[in-house]
Amino acid sequence: MTDDLQLLISDYLNGEEVDALRDRLASDPKALTEFVLALDVHGELRKIFLEGKGNAAALKEIRLAKRWRWVAAAAVAATALVAWALLGRSTSLPRVESLAGNVRPAVAVGQEISDLETLGDGRATLKYPDGTSLVLGPGTRVRELAPNRVSLTRGSLAAEVTPRADPLVFSTPHGDAKVLGTSLKLAVEKASTRLEVTEGRVRLTRGGDAVDVAAGHFAVAAGDVKPEAKTLVAERIRRLAPNAWLALPGTKLRPVAAKAKGDPRGVMESWSGAVLDTRRNRLVVWGGGHTNYYGNEVYAFDLASLRWERLTEPSPVTAGSQVCADGTPSARGTYNGLAYVAHADRMFALGGDPAGSGPTPDLLWTFDFADHAWENRQPSGDRPPTWVGALSAYDPATRKVWWGEGRSPGIAGLYAYEVDANRWVKHTADFFYYQTGALDTRRGLLVCAGDGKLFAHDVRKGAPIRQAWGEAFVGISNPGFDYDAKKDRLVAWAGGPVRVLHPETRAWTVIDAPGAPKPTPNGIFGRWRYVPSLDVFVVVTDIDDDVHFFKLGD
Amino acid sequence: MAADQREYLKRFLSAESSLRGYILAHVRELDVAEDLLQQTALVLWQKFAQYDPARPFLAWALGIARLEILNAAKRGRPGRSLVEGDLDRLIVGEYLRLESELPRRRQLLRHCLKHLPASMVETVRLRYEHGTRLDQIASRLGKSLAAVKVTLHRARLALQDCVRMKVST
């Protein structure tokens, strides 16, 4: 098949103009065959993904899942097909199937109804002739029940909707849920309606916005916010019990790992860290280096879909150079030399331990998340010499990345990289080595913990001066350490119990909860991060272990 | 389940993928196409008693699908299509010609999908799982529209090439 025909077909499938393709298909039998084969792939992809909908993590193990609405989906659903096909458009109102407690108006079991309200702890189950059932919870009101419409004005209901040709529309004060055959829960609050889908698919609309909510997902219609489908697993994380761990099965990085020289375990195990991309809500892991792993690819764990993605492919290695043949940075143990620069939507990367016997990586790189491109920034100013064991932290208020350098006093210093000016400024000759830095955004403090030390610098008021806060983590280097802005706590983890630092009293609290993962032998670095959107900490310790979450109590 | 119901289901399931592909030749919006497929399934069942078993089921089903597409067009649903008149007949003919070959290709596609490069997976998933428009995918992934088009183009080509290679071995 020629390239231009491929492009024409692709354009057509993407919804573009078609005249040239029409002429080609009408005159070229081979082109017609290719077009039909492409159509078939197009249609089959749709079928495969609809089958797997609600199970986003399963692409690598595509399996037949429950289909959302369709009848003809599986032979075992044959009776559903017949019911769906024969009944088609429902023509009758629901009847009361069971009652518990008080309802208004007074109704009897078996009675056809169009309005009902459960009072106090009252409950009611209604059933349509096609088998669709509605279970009304306490304090719930449904009005103007029609064959294809349910108006829910208050409370909550669970529904099992028999597949139908015309959708059943659940109307609430905040939006409509269009149901094509599924199981769902709807709850009306004062300012919002929450939809949970346990089987099938539901379209939730609010104003001109609509979202398809698949099995295992939920969405909320409220205010001016466009409704968005989120996984119930993510909700489970959000609602994790205080001071508890959660391991998320099926979230090992290994299945998406690249094949490059060495063992991809080095991506984490080889003294490497990560950043939290707050714009896309994902943990971005970059590491390797030394003699452990030579692949320089970048990985991301999406905290919405809860799956790993390899953002880039390994580059060809140039022996002895910190730059690969394709102009990207060579793999390295990234230590704490990574930071997410939120206002520029880029990952800052400096220093570390390079793959092979290359020189110390002293070039400052940024990784642009929009186009997955690396840039050698070549900043001006007083550049840090860089070495292993340094730390970095981004301050959104000043748009600077703070860099703590150490190992030997001769090259020690606290530096600031002014992102917008692309310039380094050296502030002090302080000494940093094997600490992890966290930015207390409320106070403007760069707090550093690890290797038996705990200290801070005020990085917003005048010259930053080292404040000794005591000793911590004696014997533990490169811990996970991040700031929970919601609870105003600095939280550390390096295996075993979670340690919580009060930034005012500077007192530690130790939370020894079961379920913590096995720590990475050489340090956790930035792979322990506070996730504001979920109000939890996320940590990943090994490409062969699941992603873990920890919810800090109030 | 009655014998005719079983028979219908068997025949429909064997034709479902070709029907979906044929509808997608006319209708580019994935959700609209899926609705049309459902509507076609319903009509096929309602008219199944009229079906002559001596005729190929797929040919009969494609004819019904075509009528449903035309009906939807009258209601203003499908949007632009390149498939009219002779070209429509050519595509139907091609589907019938490839009828015995396509099921194996579809099986192979599932296998090939497992090996799709990870960098393409999210774009493909958003497009096919959610029916997300290309501009919305671009916005969500922070990519340009052109980059999304290229990714989808390359992903489909990679899958077709993979299937083609496996068919020939």
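Residues numbered from 1 in each chain as written. Chains lettered and ligands numbered in written order. Predicted model: local features only at pLDDT ≥ 70, side-chain atom pairs only at ≥ 80, totals over all residues. Heavy atoms only, no water.

Novice: Would you explain empty space enclosed by the protein in this entry?
Specialist: Empty space among the atoms can be located by rolling a probe the size of a water molecule over them. Counted by the stated rule, this structure contains five cavities of 30 Å³ or more. Forming the boundary of the second largest cavity are A:L37, A:D40, A:V41, B:L102, B:R105, B:R106, B:L109, B:Q160, B:V163 and B:R164. Elements supplying a minimum of two residues to the lining of the second largest cavity: α3 (29–51) of chain A together with α5 (102–113) and α8 (145–168) of chain B. Considering only residue class, the lining of the second largest cavity consists of five nonpolar, one polar and four charged. (1 Å grid on protein atoms, 1.4 Å probe; cavity = no way out; pocket = protein on both sides within 12 Å on 5 of 7 lines; lining within 4 Å. Points joined across faces, edges and corners; volume = space filled by probe spheres on them. Helix = DSSP H or I, 4+ residues; strand = E, 2+ residues; numbered from the N terminus. Nonpolar A, V, L, I, M, F, W, Y, C, P; charged D, E, K, R; others polar.)

Novice: Please explain the environment of A:D353 as it appears in this structure.
Specialist: Residues and elements named next belong to chain A. If you trace the backbone, D353 turns up in strand β22 (residues 353–354). Classification of D353 by relative accessible area gives buried; the value is 18%. Distance from D353 to A331, taken between C-alpha atoms, is 8.5 Å for residues 22 residues apart in sequence. Of note is the side chain of D353, whose polar atom sits 2.7 Å from the side chain of H290. (Buried < 20%, exposed > 50% of the residue type's maximum accessible area, 1.4 Å probe, protein only. Polar contact = N/O pair within 3.5 Å; in protein donor to acceptor, adjacent residues only side chain to side chain.)

Novice: Just to check I follow, could you spell out the nonpolar core for this structure?
Specialist: One broad rule of soluble globular proteins: the nonpolar side chains tend to lie buried together. Counting 72 residues, the largest nonpolar core has A:F35, B:L19 and B:I91 as its most contacted members. At eleven residues, α3(A) tops the list of elements feeding residues into this core. (Core = buried A, V, L, I, M, F, W, Y, C linked by side-chain atoms within 4.5 Å.)

Novice: Can you walk me through the packing of aromatic side chains in this structure?
Specialist: For any pair of aromatic rings, the description rests on two quantities: the centre-to-centre distance and the angle between the ring planes. Tallying each qualifying case throughout the model produces 33 aromatic pairs over all chains. Consider the rings of A:Y433 and A:Y434, whose centres lie 4.2 Å apart with planes at 10 degrees: the pair is stacked. A:Y434 matches A:Y433 in its accessibility class, with the two residues each being buried. Positioned over the ring face of A:F218 is A:R194, at 4.2 Å from the centre of the ring. It is B:R28 that lies over the ring of A:Y12; its NZ or CZ is 3.9 Å from the centre. (Phe/Tyr/Trp six-rings, centres within 6.5 Å; stacked < 30°, edge-to-face > 60°. Lys NZ or Arg CZ within 6 Å of the ring centre and 35° of its normal.)

Novice: I keep staring at the sheet that holds strand β18 (residues 307–310) of chain A and nothing clicks. Help me out?
Specialist: Residues and elements named next belong to chain A. Reading across from one edge, β15-β16-β17-β18 is the order of the four strands in this open sheet, with antiparallel pairing throughout. Among the strands making up the open sheet, the edge pair consists of β15 (273–277) and β18. For this sheet, the mean inter-axis angle between neighbouring strands, taken without regard to orientation, is 25 degrees. Across four bridges, strand β17 (residues 299–302) lies against β18 in antiparallel orientation. Considered in β18, the bridge of A300 is made with E309. (Pairing = 2+ DSSP bridges. Axes fitted to C-alpha atoms, helices over the stretch in contact; angles between N-to-C directions.)

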